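# What the coordinates show
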Amino acid sequence: MWNQAKKLPYLLIAPSAAFLMIFFLYPFASVITQAFEHSSTDGYSLTNFQEVFSHWKFSISLENTLLLTAAVVPIQLALALLMATMVNSMRKGRDLILYIWTIPLGISDLAAGIIWLVIFEQTGFLNSLMLNLGLIERPVALLTYQNPMMIFVAIALAEIWRATAIMLVILVAGIGLIPREYYEAASVFRASKWQQFIRITLPLLKPSLQTALILRVILAFEVFAVVAALGGTLFPVLMGETYIYQFDLLNSGAAAAIALVILGLSIAFTLIVLRILKVPKGVTM
Amino acid sequence: MAIIEIKNIAKTFGTYEALKDINLTVEDQEFMVLLGASGCGKTTLLRIIAGLESPTQGEVWIGDRRIDHLPARERGISMVFQNYAIFPHMTVAENIGFGLKMSKIPADELKRRVEKNAELMHIEHLLKRYSGELSGGQRQRVAVARALAMEPDVILMDEPLSNLDALLRLEMRAELKGVLQQSNTTAIYVTHDQVEAMSLADRVSVMNAGEIVQADKPMELYRNPATQFVASFIGSPPMNFLIASNTSNGFWVIENETLSGPSIAEQSILLAIRPEDVRLSDSGLPAVVRLVEPLGPHLLVTTDVGSNQFRAILDSDSQIQEGQKIFLKPNVERIRWFHPETYRAVF
């Protein structure tokens, strides 16, 4: 017989569990079925995947997604580490600076894309600045198909501006958990500030680095609105292709297939991050 | 040569004076203990020497080098921390070798020193373990080995034994003393435990409210406390304090017992007697026995002398009962006298 006290935790957990079952597991299962079903064949097949993979835009969007992630995430990681270290050595005004730095987190990604579009478009701030400085004679179109590098840079900048703070808050919390005594011991035992960062901060920050990197990499694979605002169709990414299949081409099977590719990538990179930042057995932090 | 000289060191936190004009010289290879209750400033002083805290004023010298403006890593010191501060992500060997690695000691020399000091502290079988896999006592050993591996001129220890249980503390105390005697280092050791201080130190600096009250050899502190504070702090059970009044030049009376003491022109004087410095007698201080505690080799007897509590350590075969009236004869040579207002020793 269960008594009241034993039942209570399960009762309290039940609503959220049910919510997730209905609104996450069910759609997830239905996406999987959709991905493997095709009108031309009976039962399950890989037809959707073949269709998606053979389309010329797939490899470009995969490449773009990976390139963007590879360019943005390391810069964000370095920036977030730098900012977290700086904010942690502040005595006063620490919270204020943190609030300011995390403002972009409160803005939707589409709005973020539009903010940077206002800067980079032909009538934008960057053009008027260059014009006023006499660097150019008339406004130039920066985000065009002749200028793929510029589009890439604009998207990368917008992403860095928008989403560095998510890593920052995780790392600030993580650094705050490292006891000051370790730094004192390190400094007595001849470690410079840089050596302390490399030998103490980074290894002891592994659990936070794991969380921050996994979260950020997954979000990077799902990049969509910023790219849509700045690159439009000139810079196809996986998530954008999913959207196009689903809503423009009304091919939900293909859309589901790409969604699963993104999921696969996310899982693979999560495992890689976990592997690289593994905490050795026996280490208790 | 590592003589440590502390000159006019003061430290204020806001308006709070943690240290007031500290002057102290620690001789080469001396084992100096800073002893005091918590909040007396002993740890702050140690941290200032280590470079983990900066003084508000004053200078710290090691030999002919002024070090108070140098960062901790350039001071040539080693330290054992209260909570050991063993790096959790490094093995025991990496922890012991950390300082050597940072000082760019060649790998073979590093290995030799790690092994030598691990052996010295009897932890050579633990070299591959992480700190999470060690007991408190083992961590303590790693912390000491790490400090010794630097072969420093000066080693600082901040209550290193306070987190160990009583038995282990006793064992480590003896071991530390032996190891440090062999290592030719000058040591400053912070503790609030007077037994630890007395048993380890060449000299003890008793601190109170941000000042060094007395710096002396352990037995000297015990026999000749410079102030009433030291007298009450050192010794367990503590000294007995009684107030005597002036009769004639150099003679003081208390409860009809007249004692010869210093000649000062005061109405009264504070006298202190160690519990073991009295004996049962037919005359002397009249005392009413309140409590008898047999401690094996002797009896600890708590009495009332007048309205003051007075403890005596007596022969274990003394026949004493609670409620009994006895006379305690103090050993006059061992009585210490303190000025009734300044609480400083008078002779």
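Residues numbered from 1 in each chain as written. Chains lettered and ligands numbered in written order. Predicted model: local features only at pLDDT ≥ 70, side-chain atom pairs only at ≥ 80, totals over all residues. Heavy atoms only, no water.

### Let's talk about the overall build of chain A
Heads up, the condition is: A run of H or I in DSSP counts as a helix once it spans at least four residues, and a run of E counts as a strand once it spans at least two, with each numbered from the N terminus. Each residue's exposure class comes from its accessible area (1.4 Å probe, protein chains only) as a fraction of the maximum for that residue type: buried when under 20%, exposed when over 50%, partly exposed otherwise. Any two residues whose heavy atoms approach within 4.5 Å at even a single point are treated as in contact. Each accessible area value is a Shrake-Rupley result obtained with a 1.4 Å probe; residue values ignore everything except the protein chains displayed when judging cover.
Within chain A, the regular secondary structure consists of 13 helices and 0 strands. Secondary structure elements of chain A, listed N to C terminal, follow the sequence α-α-α-α-α-α-α-α-α-α-α-α-α. Taken over the C-alpha atoms alone, chain A extends approximately 80 × 70 × 35 Å along its principal axes. Here chain A, with 285 residues, has 41% of them falling under the buried criterion. If you take every contact in chain A between residues at least 6 apart in sequence, the share linking residues at least 24 apart comes to 68%. Just so you have it, chain A exposes about 16,400 Å², and 70% of that area is on carbon and sulfur atoms.

### Observations concerning the packing of aromatic side chains
Cut-off, in case you're wondering: Paired rings are identified among Phe, Tyr and Trp, the last through its six-membered ring, by centres lying within 6.5 Å, and are further divided according to the angle between planes into stacked (under 30 degrees), edge-to-face (over 60) and tilted (the rest). The criterion for a charge sitting over a ring is simple: Lys NZ or Arg CZ within 6 Å of the ring centre, and within 35 degrees of the ring normal.
Summed over the entire model, instances satisfying the criterion amount to 17 aromatic pairs over all chains. Ring centres of Phe 19 of chain A and Phe 23 of chain A lie 5.0 Å apart, and the angle between their planes is 45°; on these two criteria the pair is classed as tilted. With Phe 19 of chain A and Phe 23 of chain A both in helix α1 (residues 4-36) and 4 residues apart, the pair spans about one turn of that helix. Considered together, Phe 19 of chain A and Phe 23 of chain A belong to a single accessibility category, that of exposed residues. Ring centres of Phe 221 of chain A and Phe 269 of chain A lie 5.1 Å apart, and the angle between their planes is 65°; on these two criteria the pair is classed as edge-to-face. Placement of the pair is Phe 221 of chain A in helix α10 (residues 206-221) and Phe 269 of chain A in helix α13 (residues 252-276), with a sequence separation of 48 residues. We classify Phe 221 of chain A as buried; its relative accessible area is 1%. The exposure class assigned to Phe 269 of chain A is partly exposed, which follows from its relative accessible area of 31%. A connected cluster of aromatic rings, assembled from ring pairs, spans Phe 36, Phe 49, Phe 53 and Phe 58 of chain A. Above the face of the Phe 87 of chain B ring, Arg 146 of chain B is positioned so that its terminal group lies 5.1 Å from the ring centre. The cationic tip of Arg 274 of chain B hangs over the ring face of Tyr 222 of chain B; the distance from NZ or CZ to the ring centre is 3.8 Å.

### Considering the domain arrangement of chain B
Residues and elements named next belong to chain B. Heads up, the rule is: How far each domain reaches was decided by an automatic or database domain assignment. Accessible area, probed at 1.4 Å, shrinks when two parts are joined; the buried area is that loss added up over both. Put simply, a salt bridge is a Lys or Arg side-chain nitrogen that is within 4 Å of an Asp or Glu carboxyl oxygen. N or O atoms within 3.5 Å of each other form a polar contact, as long as, within protein, one can give a hydrogen and the other can take it, and as long as residues adjacent in sequence are counted only when both atoms are side-chain atoms.
Here chain B is described as being made up of domain 1 (4-233) and domain 2 (240-338). The C-alpha centroid of domain 2 is placed 39 Å from the C-alpha centroid of domain 1. Contacts between the two partners involve 10 residues from domain 1, matched on the other side by 8 residues from domain 2. Carbon and sulfur atoms make up 51% of the surface buried where domain 1 meets domain 2, a total of about 780 Å² over both sides. Counting the surface domain 1 buries against domain 2, the share from its top three residues, Tyr 222, Arg 223 and Gln 228, is 63%. Summed over the shared surface of domain 1 and domain 2, the result is 0 salt bridges. On the surface where domain 1 and domain 2 come into contact, there are 4 residue pairs in polar contact (both at pLDDT 80 or more).

### With respect to the sheet that holds strand β14 (residues 268-273) of chain B
Residues and elements named next belong to chain B. Formally: DSSP-based pairing: two strands are paired if at least 2 bridges between them are found.
Pairing within the open sheet is antiparallel, and its 6 strands lie in the order β13-β12-β11-β14-β20-β21. The strands lining the two open edges of the sheet, one partner per strand, are β13 (257-260) and β21 (345-346). Pairing geometry for β14 and strand β20 (residues 336-338), over 3 bridges, is antiparallel. Residue pairing in the sheet places Ala 272 in a bridge with Arg 336 of β20.

### A word on the sheet that holds strand β4 (residues 57-62) of chain B
Residues and elements named next belong to chain B. Within the open sheet, the 4 strands sit side by side as β2-β1-β4-β5. Their pairing is antiparallel. The two strands at the open ends of the sheet, each matched to only one other strand, are β2 (16-26) and β5 (65-66). Looking at chain direction, β4 and β5 are connected through 2 bridges and run antiparallel. Note that in β5 the partner of Ile 62 across the bridge is Arg 65.

### Digging into the interface of chain B and chain A
Convention followed: Residue classes follow a fixed rule: Ala, Val, Leu, Ile, Met, Phe, Trp, Tyr, Cys and Pro count as nonpolar, while Asp, Glu, Lys and Arg count as charged, and any other residue, Gly among them, counts as polar.
With 29 residues of chain B in contact, the opposing surface of chain A contributes 22 residues. Of the roughly 2,400 Å² buried at the junction of chain B and chain A (both faces included), carbon and sulfur atoms supply 65%. On the chain B side of the contact with chain A, Arg 73, His 89 and Met 102 of chain B bury the most area, a combined 27% of that side's loss. Taken together, chain B and chain A are joined by 1 salt bridge. A salt bridge links Glu 184 of chain A to Arg 47 of chain B, with the nearest nitrogen and oxygen atoms 2.6 Å apart. One can count 6 residue pairs in polar contact (both at pLDDT 80 or more) joining chain B with chain A. Residue assignment for the side of chain B that touches chain A shows that the elements contributing at least two residues are β6 (77-80), α2 (92-102) and α4 (136-149) of chain B. If one sorts the elements of the side of chain B that touches chain A by residue count, α2 of chain B sits on top with 4 residues. When its residues are assigned to classes, the side of chain B that touches chain A shows 15 nonpolar, 8 polar and 6 charged.

### Quick notes on the environment of Gly 14 of chain B
Considering the arrangement of structural elements, one finds Gly 14 of chain B in the loop between β1 (4-13) and β2. For the pair formed by Gly 14 of chain B and Lys 128 of chain B, sequence separation is 114 residues and the distance between their alpha carbons is 45 Å.

### Comments concerning unusual backbone geometry
Residue and element names in this part refer to chain B. That bond from Ser 236 to Pro 237 is cis: its omega, -5°, falls within 30 degrees of zero. With respect to the helices and strands, Pro 237 occurs in the loop between α8 (228-233) and β11 (240-248). One non-glycine residue, Lys 104, lies in positive phi territory at about 60°. For Lys 104, the location among the structural elements is in the loop between α2 and α3 (107-120). Under the relative-accessibility criterion, Lys 104 is labelled exposed at 67%. For Glu 255, which is not glycine, the phi dihedral falls at a positive 50°. Mapped onto the elements of the fold, Glu 255 is located in the loop between β12 (251-254) and β13.

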